[in-house]
Amino acid sequence: MKQKITGAEALMRSLENEGVTTLFGYPGGSIMPVYDALYDHRQTLNHILVRHEQGAVHAAQGYARVSGKVGCAIVTSGPGATNTITGVADAMIDSTPMVVICGQVGAAFLGTDAFQEVDVIGITQPISKWSFQIRRAEDIAWAVSRAFYIASSGRPGPVVLDFAKNAQTALVDYEPTKVDFIRSYRPAPPIDDNAISEAAKLINQAKKPLVLVGQGVELGEASDELVALIEKADLPAGCTMLGLSALPTDHPLNMGMLGMHGSYATNVLTNKCDLLIAVGMRFDDRVTGNLNTYAKQAKVIHFEIDPAEINKNVKVDVAVLGNCKETLARVSELVNKADHSEWKAKFKPYQEQETQKVIEPAIHPSEGPLLMGEVVRRVSEMTDHKAVLVTDVGQNQLFACRYFKFTERRSVLTSGGCGTMGFGLPAAIGATFGAPDRTVCMFCGDGGLQMTIQELGTIMEQHSPVKIILLNNNYLGNVRQWQYMFFNKRYSFTPMLNPDYEKIAEGYGIPSRTVIDRKDLDSAINEMLQTKGPFLLQCAIKEEDNVLPMIAPGASVDEMKLEIE
């Protein structure tokens, strides 16, 4: 006769059955039975105690994005659950596989406004891939397996399990369950042979093709297939911010980043190409600029796993549905070997203009205060372009994504669609557990760091080797830039009065150093990289440094400005 176990113990075994080894969380009253069960599973389930529930979900995101596995966070009910909402929304729009397990009051108390009761399902349904309330211990094994299947299959995303306390304490006959099929759920649509042949036909006919590389290439583990296609058909490519490491930075066909602060040539020539080939990207407004003028001269092919993205923003001529690992390979078989040298040469004058007017002054300034661009480039160079780049949100993010270089995949970890300040520090912690053999460099501003600064406590406890590069300009820099450009330099509540970050780091036992003079930058970066464990490198940055080039809000991609007038 089988021995009955508690629902909390059933959760532990279900997580182990899904291959979970790392959890990020914070205990509380309504999740306490789970934490009691976790006490006996410490050898198999490594729980990382964060300092705030938002830190748990962002750390789970960081873990997922660099490892390719499902991130997992456990929190309590009420404020514990609501503190995860930003991370759930962030994971949804950036397609990050994550399972969040929230404690909940007992089923008998639901709807009574009991202590720390919140309608978690009602809140999270619009911003998650699936949310489910576990009211019975008998449903635990099924719900957990279904959650991990949904989170990781098709277009990935977050799943929320609301775990009533009575289900945690009730006894149940546990049977391991593996969900790999849901009747109403089709993770990847069937591949249409006609779409494959039509896409290949358009590529073979194109004289001026341009590929837009999105994060879907990495999510689909299709980088090799992408490279094979673009090399065979000689297709120049640009990358979205989340897709930057899907194609090595120095690949001869990589023309740079797309979007508002991307590469000049790639953006301008989007409106001059005759074929636009979008792979695993969603035509975000920061990439397209004014949709009314976006690539109207071009035929459009869209490789996409999510049918909801087709024709959502940009009308396409051929939709190639399915996992791009398979669809890219299928199209590649049908395309002709090509030479688009004449078209690729069109990129060079724009690249030379950007290099002269923007890039060289940003990474090799001759005098004046330190600039964000030069700090980013030196960190990238001194890590041989092999580090994991984590950013917060703002100018630090934009400069980092512009000037960091990538040679390895799954190397960009930033909040794209949601733009979540405070994302960087906890996400970097998660990245150190998801890729423990890699150097993790986290760039942040003085504003974003303070939003989740309590996670320095997690770094202290775990000795998590996050290399924190604080680009301190005493401003909320990106908002200040917009105020400079569009609000008559009225800096309304963007100057920052900052604390002594070195003293804060000292309080957490984290080595630190501040760089003011350019001559000290290399030695400081070297000290940071040679220090085992965490390090805080604070760089005193020019206060009114601006991110360029830029497509102004409402402007077309070919109206990109290299300088502020």
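This text follows the structure it describes.
Residues numbered from 1 in each chain as written. Predicted model: local features only at pLDDT ≥ 70, side-chain atom pairs only at ≥ 80, totals over all residues. Heavy atoms only, no water.

**Student:** Tell me what's going on with the overall build of the protein chain, and back it up with residues and numbers.
**Tutor:** Along the protein chain, the regular secondary structure elements total 24 helices and 20 strands. For 565 residues, the compact-globule estimate of 2.2 N^0.38 gives 24 Å, and the protein chain sits close to it at 24 Å. When its C-alpha atoms are laid out on the principal axes, the protein chain stretches across 75 × 60 × 40 Å. Across the 565 residues in the protein chain, those meeting the buried criterion constitute 58%. Taking as baseline every contact in the protein chain between residues at least 6 positions apart, the subset at least 24 positions apart corresponds to 77%. (Helix = DSSP H or I, 4+ residues; strand = E, 2+ residues; numbered from the N terminus. Rg over C-alpha atoms; globule rule 2.2 N^0.38 Å. Buried < 20%, exposed > 50% of the residue type's maximum accessible area, 1.4 Å probe, protein only. Contact = heavy atoms within 4.5 Å.)

**Student:** Break down the layout of surface pockets for me, with residues and values.
**Tutor:** Taken as a whole, the second largest pocket encloses approximately 560 Å³ of empty space. If you go around the second largest pocket, you meet 21 residues; those closest to its centre are T249, G256, S263, I359 and R402. Of all the secondary structure elements, the ones that give two or more residues to the lining of the second largest pocket are β11 (254-257), α16 (347-363) and α18 (395-403). Broken down by element, the lining of the second largest pocket gets its largest block of residues, 6 residues, from α16. Across the lining of the second largest pocket, the residue classes tally to 9 nonpolar, 6 polar and 6 charged. (1 Å grid on protein atoms, 1.4 Å probe; cavity = no way out; pocket = protein on both sides within 12 Å on 5 of 7 lines; lining within 4 Å. Points joined across faces, edges and corners; volume = space filled by probe spheres on them. Nonpolar A, V, L, I, M, F, W, Y, C, P; charged D, E, K, R; others polar.)

**Student:** Any details on the pattern of salt bridges? Residues and values, ideally.
**Tutor:** Counted according to the given criterion, the structure contains 22 salt bridges. For the salt bridge of E18 with K178, the shortest nitrogen-to-oxygen distance reads 3.1 Å. In this pair, E18 sits in the loop between α1 (7-17) and β2 (22-25) while K178 sits in the loop between β8 (171-172) and α9 (193-205), placing the two residues 160 residues apart along the sequence. The class for E18 is buried, based on a relative accessible area of 19%. (Salt bridge = Lys/Arg side-chain N within 4 Å of Asp/Glu carboxyl O.)

**Student:** Before we move on, could you go through helix α3 (residues 53-67) and cite the residues and values that matter?
**Tutor:** Each α-helix turn comprises 3.6 residues. Residues three or four places apart therefore point the same way. Between its first and last C-alpha, α3 extends 21 Å over 15 residues, near the 21 Å set by a 1.5 Å rise per residue. Of all 15 residues in α3, 14 are buried; the element is thus mostly enclosed. At the exit of α3 stands G68, carrying a positive phi of roughly 80°. (Expected span 1.5 Å × (residues − 1).)

**Student:** Lay out the packing of aromatic side chains in plain terms, naming residues and giving numbers.
**Tutor:** Applying the stated criterion across every chain, the model contains 14 aromatic pairs. Here the aromatic rings of Y149 and Y185 are separated by 5.8 Å at their centres, their planes lie at 90°, and the arrangement is edge-to-face. Here the residue Y149 occupies a position in helix α7 (residues 140-152), and Y185 occupies one in the loop between β8 and α9, the gap between them amounting to 36 residues. Grouping residues by exposure puts Y149 and Y185 together as buried. Considering the side-chain rings of F399 and Y403, the 6.3 Å spacing of their centres and the 25° angle between planes classify their relative orientation as stacked. Note that F399 and Y403 are positioned in helix α18 at a spacing of 4 residues, about one turn of the helix. Just as F399 is buried, Y403 falls in that class too. (Phe/Tyr/Trp six-rings, centres within 6.5 Å; stacked < 30°, edge-to-face > 60°.)

**Student:** Just give me the short version of the pairing of β2, but keep the residues and values in it.
**Tutor:** Where burial is concerned, the two faces of β2 agree: the one with T22 and F24 and the one with L23 and G25 are both buried. Inspection of the sheet shows β2 paired to strand β3 (residues 46-49) by 4 bridges, in the parallel sense. Each residue of the ladder has a partner; that of G25, found in β3, is L49. For the crossover from β2 across helix α2 (residues 32-38) to β3, the handedness is right-handed. The pairing of β2 with strand β4 (residues 71-75) spans 2 bridges and is parallel. Its bridge partner being in β4, F24 is matched across the sheet by A73. (Pairing = 2+ DSSP bridges. Right-handed = clockwise from strand over helix to strand, strands pointing away.)

**Student:** Can you tell me about the packing of α3 against helix α5 (residues 85-93), naming the residues and giving the values?
**Tutor:** At a minimum axis distance of 7 Å, the contact between α3 and α5 shows a crossing angle of 25°. In terms of their interaxial angle, α3 and α5 are classed as roughly parallel. Note on element contacts: α5 touches α3 through T86, G87, D90 and A91, opposite Q54, V57, H58 and Q61. For the contact of α3 with α5, the per-class residue count stands at 2 nonpolar, 5 polar and 1 charged. (Axes fitted to C-alpha atoms, helices over the stretch in contact; angles between N-to-C directions. Parallel < 35°, antiparallel > 145°, perpendicular 65-115°, else oblique.)

**Student:** Give a detailed account of unusual backbone geometry, specifying residues and quantitative values.
**Tutor:** Going from L548 to P549, the amide bond is cis rather than trans, its omega being -5°. When you line up the elements, P549 lands in the segment after β20 (535-540). Here H385, not a glycine, exhibits a phi torsion of approximately 60°, which is positive. Mapped onto the elements, H385 comes out in the loop between α17 (372-382) and β15 (388-391). H385 sits in the buried class, given a relative accessible area of 17%. The backbone of N488 sits at a positive phi, close to 55°, despite the residue not being glycine.

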